[in-house]
Amino acid sequence: MAEKFETPTACGIPAPASPHALPRLLKKLWSTLAKLRTCDRWLLGALLAAALLGAQGFSWGKFDCLNPDAMAFRSLFVKNRPPLHPEDFYKPPLYTYAGHFLARVPAMALSTPFLLAGKEKRDEMFFRIRLSLMRIFNLCLFAGTVVLAFKMISDAFGLFPARSLAWLFATSAGFIPYQIYLTSDLALTFTILLSLSLAYAVSRSPGNWVSFFAGLAVGLATATKYNGLAAAIALPLAHAMAPDPNGATAFLKRKSTWLSAFAIPIGFLIGNPYALINFKKFFADFYYNYETTPVYGGQIGGSGYTRFFELFGEIYGWPASFTLLLLVAASFAFFLEKSPLPKNPPRLSSAAKLWILSAAIFAFYTWKIGAFPRMTTRFVLPVAPLLLLLAAAGFASLSRHKKILFSLFASLVAYNLVCGFYVGRLFRLDPRMLLLPAISSEAKTSDQKTTAEASKSLPAIDLQTSKKILVKKMPKGLKRAESFEKIFAENQTMMAMKDRWQTEFDTSWFSQEQRSLRNPDWIVWSSVDLEDAVKPHYEALFLPSSGYRVIFDAASPPLPDWVYPQHPDFLLNRTTFWKKSS
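Residues numbered from 1 in each chain as written. Predicted model: local features only at pLDDT ≥ 70, side-chain atom pairs only at ≥ 80, totals over all residues. Heavy atoms only, no water.

Q: Break down the side chain of Arg-130 for me, with residues and values.
A: With respect to the helices, strands and loops of the structure, Arg-130 is situated in helix H4 (residues 119-157). The charged side chain of Arg-130 is buried without a salt bridge, its nearest counter-charge being Asp-64 at 4.1 Å. Not counting residues within four places of it along the chain, the set of residues in contact with Arg-130 comprises Phe-63, Asp-64, Phe-73, Ala-103, Arg-104 and Ala-107. (Helix = DSSP H or I, 4+ residues; strand = E, 2+ residues; numbered from the N terminus. Buried < 20%, exposed > 50% of the residue type's maximum accessible area, 1.4 Å probe, protein only. Lys, Arg positive; Asp, Glu negative; His and termini not counted. Salt bridge = Lys/Arg side-chain N within 4 Å of Asp/Glu carboxyl O. Contact = heavy atoms within 4.5 Å.)

Structural data, given as structure tokens:
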């Protein structure tokens with residue numbers, strides 16, 4: 001594929017960007033949007049399949065996301081803080097800002113007319129509209145991620161690999177939960193891939209504007225989640241690989257190189273402005289999160305590299321994961337075939353540049369995050385699309401066997417769709433959602449104010465009925481204080497912040513004696529929130545001597561062994577509703 005160059009000056013240095021470069025860039029963007037009418041039909045089909053799979057859990061949570069890591073609707077108006085100041089900086093707030101401006105503010109406007117039907121109706125519509133708008137935003141984020149991957153693969157390796165891998169990506173059952181969860185994981189995946197696509201554009205033509213936007217995208221990725229900074233490694237590599245007649249090190253003197261570096265903090269501060277305004281709190285929260293994230297569950301010693309790669313089976317399934325790894329290995333054959341390494345090696349092709357940039361981000365991210373003793377699927381998710389880009393070269397090298405590859409990928413997509421149905425079933429039949437009719441029914445039989453104790457990942461049971469329900473949330477993380485005391489015993493900085501993990505509660509809070517003092521009318525508990533230390537108290541509630549009887553008890557439908565993901569984060573659970581015996 002032909003490379004694009006900037007016009008060199010007499011000295012051989014690329015000419016400075018024209019003052020009309022930005023208008024031209026905007027016109028190009030508009031022209032690209034206009035071409036959506038003639039968008040590749042295979043890509044449109046993949047996007048439709050992705051939307052249908054992700055929409056299976058569209059109303060999950062009813063009023064809010066039940067994932068405890070949800071970021072979309074966190075408070076941005078804290079007492080004694082300026083407006084839009086986040087509660088904390090353990091995670092950056094860009095996704096929360098998106099939730100506020102794209103979902104909360106429009107929902108307030110759209111739900112206001114329902115005040116004519118009463119405040120309760122207006123509140124219900126506000127929560128429903130807010131949740132729906134944010135879920136639509138998530139579906140768009142995933143669609144954008146698929147489009148970015150398709151565009152880069154088709155540009156570097158051709159349409160056949162792009163179409164096949166786009167379908168594999170779009171139907172991946174491991175991504176379905178993250179289209180439904182309102183966490184920042186899918187947004188991070190999108191911004192990392194956006195950063196890569198702009199770095200790829202820089203490697204082909206290192207203009208000032210594209211370099212600036214590439215740095216800006218990396219900053220926004222970091223403001224989405226701090227590990228998004230890993231995408232920054234692609235920028236110097238992109239500039240180093242960009243065509244320049246003055247030699248390999250000429251990029252260090254190029255203005256666009258430093259523009260991209262300068263744009264990273266700008267992008268970060270656009271998405272996290274109070275990091276600078278309230279730097280002291282930002283740094284303390286960031287450091288605390290940096291130290292605790294790898295050991296949050298009490299894991300110590302060793303690394304998670306093995307588990308890191310195992311979790312690709314939770315994202316793509318084992319058949320597709322093995323296929324992709326084999327295609328990554330075959331990619332070397334592709335480059336040897338295209339570039340047989342003569343005495344004077346030719347300029348890097350677009351395919352080689354994309355592969356190198358993808359490999360750099362993947363390797364750097366894996367090195368840093370894979371070192372965590374604690375490893376979960378959401379830690380691996382942001383670089384999962386990069387595996388597709390790395391495999392694309394191997395796919396292209398085998399493209400002469402189109403019938404075999406088509407049959408293989410068609411079977412993988414069919415397997416994905418079946419697994420996607422089972423994942424959607426987990427959301428549709430989540431016992432926490434099936435609980436709600438039982439709550440409404442019991443509330444109707446109560447003539448007085450009801451007090452309830454509920455675990456944290458349940459829907460808002462006080463919003464399910466017009467009857468007054470006073471809900472007290474159960475404490476969580478009771479053993480974390482003990483484990484952190486041991487892990488950080490020799491870290492003076494962390495011990496100075498020990499009040500962050502200390503709690504006034506212990507496991508006795510769940511005992512029958514303590515419960516009789518509080519005397520709640522209802523107890524509602526999801527096993528998502530169940531800690532090993534309090535299991536005996538949980539199991540004791542099922543005994544007649546507890547003073548409570550079971551009103552509702554259900555568990556997530558079992559998954560067949562051949563379905564993936566087998567362990568979706570915070571989804572499989574048993575939910576039980578007890579009522580005080582009369």
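So, next bit.
Q: Outline the nonpolar core, supporting the account with residue identities and numerical values.
A: By size, the foremost hydrophobic cluster in this structure holds 113 residues, and its most contacted members are Trp-60, Phe-157, Phe-175 and Tyr-316. Broken down by element, this core gets its largest block of residues, 12 residues, from H4. Excluding its chain neighbours within four sequence positions, the residues that come into contact with Phe-157 are Phe-334, Phe-335, Ala-351, Leu-354, Leu-389, Ala-392, Ala-393 and Ala-396. Listed in part, the 14 residues of the second largest apolar core include Ile-439, Leu-458, Phe-552 and Phe-577. (Core = buried A, V, L, I, M, F, W, Y, C linked by side-chain atoms within 4.5 Å.)

Q: Give a detailed account of the pairing of strand E5 (residues 574-580), specifying residues and quantitative values.
A: Most of E5 sits out of view: 5 of its 7 residues are buried. As defined by bridge partners, strand E4 (residues 548-555) adjoins E5 across 7 bridges and the pair is classed as antiparallel. Across the sheet, the residue bridging to Tyr-548 is Lys-580, located in E5. (Pairing = 2+ DSSP bridges.)

Q: Would you mind going over the packing of helix H9 (residues 234-241) against helix H16 (residues 350-369) in detail, with residue names and values included?
A: Viewed as axis vectors pointing N to C, H9 and H16 meet at an angle of 155°, and their least axial separation amounts to 9 Å. Between H9 and H16, the interaxial angle falls into the category roughly antiparallel. Once H9 is placed against H16, the crossing between them reads as right-handed. Side by side, H9 and H16 meet where Ala-234, Leu-237, Ala-238 and Met-241 of the first sit next to Lys-353, Ile-356, Leu-357, Ala-360 and Ile-361 of the second. Class assignment of the residues belonging to the contact of H9 with H16 gives a composition of 8 nonpolar, no polar and 1 charged. (Axes fitted to C-alpha atoms, helices over the stretch in contact; angles between N-to-C directions. Parallel < 35°, antiparallel > 145°, perpendicular 65-115°, else oblique. Left-handed = near helix turned anticlockwise from the far one by under 90°. Nonpolar A, V, L, I, M, F, W, Y, C, P; charged D, E, K, R; others polar.)

Q: Tell me what's going on with unusual backbone geometry, and back it up with residues and numbers.
A: Cis geometry is found at the peptide bond from Tyr-564 to Pro-565, where omega equals -10°. Position of Pro-565 among the secondary structure elements: in the loop between E4 and E5. One non-glycine residue with positive phi stands out, namely Asn-519, at about 55°. For Asn-519, the position within the fold is in the loop between helix H23 (512-518) and strand E3 (522-526). Judged by relative accessible area, which is 40%, Asn-519 ranks as partly exposed. The backbone of Phe-570 shows a phi angle near 55°, a positive value even though the residue is not glycine.

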